[in-house]
Amino acid sequence: MNISYNWLKEYLPLEMQPDEVAAALTSTGLETGNVEEVQPVRGGLEGLVIGEVLTCAAHPNSDHLHVTTVRTGSGEPLQIVCGAPNVAAGQKVVVATVGTTLYSGEEKFAIKKSKIRGVESHGMICAEDEIGIGTDHSGIIVLPDDAPAGMAAKAYYGIESDYVLEVDITPNRVDATSHYGVARDLAAWLAQNGRPLTLRRPDVEAFRVDRPAPAVEVEVANTEACPRYSGLTVRGVTVKESPAWLKNRLQAIGLRAINNVVDVTNFVLHESGQPLHSFDAAKIRGGKVVVRTLPEGTKFVTLDGVERILSSEDLMICNAEEPMCIAGVFGGLDSGVTEQTTDVFLESACFHPTWVRRTARRFGLNTDASFRFERGLDANQTVCVLKRAALLIQQLAGGEVTGEIRDVYPEEVKPYPVEVSFRKINALIGKVIPPDTVKRILASLEMEVVSETADGLSLLVPVYRMDVRREVDVIEDILRIYGYNNIEVGEQLRSTLSYRMPTDRSYRLENLVSDQLCGAGFYEIMNNSQTRLAWYEGLTVYPPSSAVQLLNPLSADLNVMRQTLLFGGLQSIAGNIRHKNKNLRFFEFGNCYAYREEKTAPENALSAYSEEYRLGLWMCGRRVENSWAHANEENSVYELKAHVLHILARLGIDRRKVSESPCSDELYASGIRLQTASGRTLGTVGVIDRKRLKSMDIGEEVCFAELSWDALMKEIRKSAVVFSEIARFPEVKRDLALLLDKEIPFQSVERTAFESERKLLKRVELFDVYEGSHLAPDKKSYAVSFYLQDESQTLTDAQIDRIMQKIQTGLETKLGARLR
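Worth saying up front: this structure is predicted, and the values here are computed from it rather than measured. (Residues numbered from 1 in each chain as written. Predicted model: local features only at pLDDT ≥ 70, side-chain atom pairs only at ≥ 80, totals over all residues. Heavy atoms only, no water.)

## Observations concerning the nonpolar core
Link 1 in the chain: Core analysis: the largest hydrophobic core is formed by 54 residues, its most contacted members being Leu14, Val21 and Leu186.
Link 2 in the chain: Per-element tally for this core: the top contributor is helix 10 (residues 382-397), with 10 residues.
Link 3 in the chain: Ignoring any residue separated from it by four or fewer positions in sequence, one finds Leu186 in contact with Leu8, Leu12, Leu14, Val21, Ala24 and Leu25.
Link 4 in the chain: Of all hydrophobic cores here, the second largest spans 36 residues; its members include Val218, Ala225, Cys226 and Phe345. (Core = buried A, V, L, I, M, F, W, Y, C linked by side-chain atoms within 4.5 Å. Buried < 20%, exposed > 50% of the residue type's maximum accessible area, 1.4 Å probe, protein only. Helix = DSSP H or I, 4+ residues; strand = E, 2+ residues; numbered from the N terminus. Contact = heavy atoms within 4.5 Å.)

Here it is in structure tokens:
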């Protein structure tokens, strides 16, 4: 947020330099990143002086130029050649002396001593557009006769350089989203540092009702969404250009001046932090403002000319017949103040943060008003701010306040009571702060001490401090004004040594697996845990009813918490494919969330909600492409499965204790589920269904695996990966060609083999599958390698034959296999 240094001084008579102010604000928690000098007129009119034309004669060598002598208040009069048709002796003019730099758009040029058609010229008599104070170029500027010759032009025009401080406002500090709010914090800091200054609040004592004639009436139909609404009618205004001081204030902080009435509302917003809205009273049909919602699907054209479809949860400011403004967010196209406006209705309201934020996010709007309303505003200041705006409008546009202020405030918001103990203050801050210092700081922060005991204080916190509700919040405020740098570091270091916890082991293994996947060519991705509810429509494995809904979503695309990592990864794949990057391997660690209504328990509000940490892997495109040594090769689900098995092995999970079963999830065209012997699901692996991919605009086949990291950590809780020596005795391989029923998976062959020989059989590998005309239609052939090894001796042929016979018998008996 931009804060004007000169504007700030209207409320606090500062003698500090802008850089000092920036440092002070940063120390109070209002981090100020940059201080930049700004000038209302480029160049600041430096080098320009007021001059008096003493003589004016025709140029001897030109029919349109004049040779003048100009007194500039110092030294001899200057001879200046001027081409303006309106130059004449006796005029007071603006002179650019030799060496002055003038600006024209992005270009600049220096005034030099020169000869114009043989006559020396020692400067330039200027027009409006040449010095940046206007656009007229028909002739030179002619000033009133009382303009003092020799006076600097910047002093005559009141041009004052300003400094803009870029203050980074954290979301909880809505009280500091104004110049007065920043001045209030700075005053507290100055008081603590022995440099107290009186904070000047804008005076509204002069406000009065000029005529008791009827004013625009106000009705609030939804007091939840609008806790307070104040309105005021000013009739007989003259809408015109704002004066220079007001335009300079707004331009300094990056705002464009519009007209005097609208500029007043913007000025008061950035002065007080309270948004205002001005309506043309003649366009308020029925002479009544109604704050209400409208039926779903109502169309409304906003100030930017865009037609928007309203929701039944969008709060609107309406007249007796139609909507005029989206409350707290954006004005309407036809209800604002124009140059033809003579009667104005001013709105100063307090809208519920959730209502404003929901509407602003749904329409993708972020305005100065919505920025503040979304964070919560002080409902008690609406009338005071309204009076301030009315006085400024009367000062700049004339008019009369007609009728009393219409103020709908059914339930007054009271200051918040907070109890704070001196012991807790000292414990949290780490230093003993005297009670008198604590009370002085609290007074500077406008926190009222209701009662005091030896142990602590009872406080009333101002309503505008939305972020201070608890004892720790008060202590934080005390500390930031006392000064973080004033807390000394003690000579002793106190630390707590903790044992390695399960979370530490999980984090270490997560990094280990991440390194493994990166080494295998995967890239780690990180997606938002908030996602779109529409992805889950029609699913039974992740039904929409199980999604954790957000009460105040950022947008319709981020309205629920994700139930699976799948869709975030698919969005990443779709984005890469659009950028012609089709060969992809991604992995992601992240939390997934679910809501189970049947688990709701009255005594535990969170019982229906669950959170699970998962690992997702995605593969699509080609494994090898454009290689001179290898033909192009597509990624396959079998390779992805291999990576999953490598992860299990790296974690120390025995592959033989993990069973596979078909996965019936509608997310997969085909897939398997990995489970332990106890029935715990570790994850799923498969090829994503084409319909899902098409909905994400993906034309490539995508293989996906999702593992429950929490389940994996439970599975290895009591296991450890230990080192074993390389066997000194040779490994033996034997191959079998097996004829099997088509529906028997290789895993059944592998499991049966290990059940037949548990000690010496080390691994089983499938190296060929055949289905064809030489076999019965319901049969297939597996070519399988069996690896045997005894770590204590070399296996003999008799031992090998006996083991292989056991395996063959087991396959024949349990699976009906036959040797080919």
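## Digging into the sheet that holds strand 38 (residues 702-708)
Link 1 in the chain: As summarised here, the arrangement of the 7 strands in space is 27-31-32-38-37-36-35, forming an open sheet in which the pairing is mixed. Among the strands making up the open sheet, the edge pair consists of strand 27 (523-524) and strand 35 (658-662).
Link 2 in the chain: Here strand 36 (residues 668-676) pairs with strand 37 (residues 681-688) via 7 bridges, running antiparallel. Within strand 37, the residue paired with Gln675 across the bridge is Thr681.
Link 3 in the chain: Packing of helix 14 (residues 502-519) onto the sheet brings it into contact with strand 31 (584-595) and strand 32 (609-620), and relative to strand 31 it is tilted by some 145°. (Pairing = 2+ DSSP bridges. Axes fitted to C-alpha atoms, helices over the stretch in contact; angles between N-to-C directions.)

## Quick word on helix 10
Link 1 in the chain: Compared with an ideal rise of 1.5 Å per residue, which puts 16 residues at 22 Å, helix 10 spans 22 Å between its outermost C-alpha atoms and is within 8% of the ideal.
Link 2 in the chain: Taken across its 16 residues, helix 10 has 12 buried, putting it largely inside the fold.
Link 3 in the chain: Restricting attention to buried positions, one finds in helix 10 the residues Thr382, Val383, Val385, Leu386, Arg388, Ala389, Ala390, Leu391, Leu392, Ile393, Leu396 and Ala397.
Link 4 in the chain: Against the buried residues of helix 10 lie strand 14 (228-235), helix 6 (244-252), helix 7 (260-272), strand 15 (276-280), strand 22 (343-350) and strand 23 (400-408).
Link 5 in the chain: Two residues or fewer after helix 10 comes Gly398, characterised by a positive phi angle close to 75°. (Expected span 1.5 Å × (residues − 1).)

## Side note on a nonpolar patch on the surface
Link 1 in the chain: A grouping of Val301, Leu303 and Leu333 is seen on the molecular surface, where their side chains present a nonpolar patch of about 240 Å² in accessible area.
Link 2 in the chain: Its location among the elements puts Leu333 in the loop between strand 21 (330-331) and strand 22. (Patch = residues over 30% accessible without salt bridge, like charges linked within 9 Å, V, L, I, M, F, W, Y side chains within 5 Å. Areas by Shrake-Rupley, 256 points an atom, 1.4 Å probe, with all protein chains shown as cover. Salt bridge = Lys/Arg side-chain N within 4 Å of Asp/Glu carboxyl O.)

## Structural notes on the pairing of strand 37
Link 1 in the chain: Along strand 37, 7 of the 8 residues are buried, which leaves the element largely enclosed by surrounding structure.
Link 2 in the chain: Hairpin connection, strand 36 to strand 37: the antiparallel pair is bridged by 4 residues, and Gly679 has positive phi, about 95°.
Link 3 in the chain: Two elements, strand 37 and strand 38, share 5 bridges in a ladder whose sense is antiparallel. Counted as the bridge partner of Val685 is Ala705 from strand 38.

## Describing the sheet that holds strand 29 (residues 548-549)
Link 1 in the chain: Within the open sheet, the 3 strands sit side by side as 28-30-29. Their pairing is antiparallel. Unpaired on one side and paired on the other, strand 28 (530-531) and strand 29 mark the two borders of the sheet.
Link 2 in the chain: Across 2 bridges, strand 28 lies against strand 30 (residues 560-561) in antiparallel orientation. When the sheet's bridge partners are listed, Gln530 is paired in strand 30 with Met561.

## A look at empty space enclosed by the protein
Any empty space left between the atoms is revealed when a probe the size of a water molecule rolls over them.
Link 1 in the chain: Scanning the model with the defined rule gives 1 cavity of 30 Å³ or more in all.
Link 2 in the chain: As a volume, the largest cavity reaches approximately 50 Å³.
Link 3 in the chain: For the largest cavity, the full set of lining residues is Asp175, Gly181, Arg184, Asp185, Ser444, Leu445, Tyr464 and Arg465.
Link 4 in the chain: With 3 residues, helix 5 (residues 179-192) is the largest single contributor of residues to the lining of the largest cavity. (1 Å grid on protein atoms, 1.4 Å probe; cavity = no way out; pocket = protein on both sides within 12 Å on 5 of 7 lines; lining within 4 Å. Points joined across faces, edges and corners; volume = space filled by probe spheres on them.)

## Re the side chain of Glu52
Link 1 in the chain: With respect to the secondary-structure elements, Glu52 resides in strand 3 (residues 48-58).
Link 2 in the chain: Within the structure, Glu52 has its side chain in polar contact with the side chain of Arg71 (distance 2.6 Å).
Link 3 in the chain: Apart from the residues lying within four places of it in its own chain, the contact partners of Glu52 are Thr69, Val70, Arg71, Gln91, Lys92 and Ala149. (Polar contact = N/O pair within 3.5 Å; in protein donor to acceptor, adjacent residues only side chain to side chain.)

## Details of the side chain of Ser708
Link 1 in the chain: With respect to the helices, strands and loops of the structure, Ser708 is situated in strand 38.
Link 2 in the chain: Within the structure, Ser708 has its side chain in polar contact with the backbone nitrogen of Ala711 (distance 3.1 Å).
Link 3 in the chain: Leave out the neighbours within four places in its chain, and Ser708 touches Glu612, Tyr613, Arg614, Thr681 and Leu682.

## Comments concerning helix 11 (residues 422-429)
Link 1 in the chain: Looking only at helix 11, the buried set comprises Phe422, Ile425, Asn426 and Ile429. Looking down the long axis of helix 11, one finds its buried residues gathered within 90° of arc, a one-sided arrangement. In this structure, helix 11 carries Arg423 and Ala427 as exposed residues pointing more than 90 degrees from its buried face.
Link 2 in the chain: The inward-facing, buried residues of helix 11 contact strand 24 (416-421), helix 12 (435-444), strand 25 (448-452), strand 26 (456-461) and helix 13 (471-482).
Link 3 in the chain: Once helix 11 ends, the next one or two residues include Gly430, with phi positive near 85°. (Arc of directions from axis to C-beta.)

## What about the packing of helix 2 (residues 18-27) against helix 5?
Link 1 in the chain: At their nearest, the axes of helix 2 and helix 5 sit 10 Å apart, and the two run at 85° to each other. Classified by the angle their axes make, helix 2 and helix 5 are roughly perpendicular. Contact residues: Val21, Ala24, Leu25 and Ser27 in helix 2; Val182, Leu186 and Trp189 in helix 5.
Link 2 in the chain: The class makeup of the residues in the contact of helix 2 with helix 5 is 6 nonpolar, 1 polar and no charged. (Parallel < 35°, antiparallel > 145°, perpendicular 65-115°, else oblique. Nonpolar A, V, L, I, M, F, W, Y, C, P; charged D, E, K, R; others polar.)

## Here we look at unusual backbone geometry
Across the chain, the bulk of peptide bonds are trans and the bulk of non-glycine residues have phi less than zero.
Link 1 in the chain: Of note in this structure, Glu446 is not a glycine but carries a positive phi near 60°.
Link 2 in the chain: With respect to the helices and strands, the residue Glu446 is situated in the loop between helix 12 and strand 25.
Link 3 in the chain: Although it is not a glycine, Asn626 adopts a positive phi angle of roughly 55°.
Link 4 in the chain: Here Asn626 lies in the loop between strand 33 (622-624) and strand 34 (633-634).

## Here we look at the layout of surface pockets
Link 1 in the chain: By volume, the largest pocket amounts to about 1,600 Å³.
Link 2 in the chain: Going through the elements one at a time, helix 16 (637-651), strand 35, strand 36, strand 37, helix 19 (746-756) and strand 40 (761-770) are the ones with two or more residues in the lining of the largest pocket.
Link 3 in the chain: With 7 residues, the top contributor of residues to the lining of the largest pocket is strand 40.
Link 4 in the chain: Classifying every residue of the lining of the largest pocket gives 18 nonpolar, 9 polar and 14 charged.
Link 5 in the chain: Taken as a whole, the second largest pocket spans an internal volume of roughly 850 Å³.
Link 6 in the chain: Along its surface, the second largest pocket is lined by 33 residues, and Ile258, Val262, Asn266, His277 and Leu303 are the ones closest to its centre.
Link 7 in the chain: Mapped by element, the contributors of at least two residues to the lining of the second largest pocket are helix 7, strand 15, strand 20 (323-326), strand 21 and helix 9 (368-373).
Link 8 in the chain: At 4 residues, the largest contribution of residues to the lining of the second largest pocket is made by helix 7.
Link 9 in the chain: When grouped by side-chain class, the residues that make up the lining of the second largest pocket number 16 nonpolar, 12 polar and 5 charged.

Honestly, that's just the spatial picture; any functional story needs more than this.
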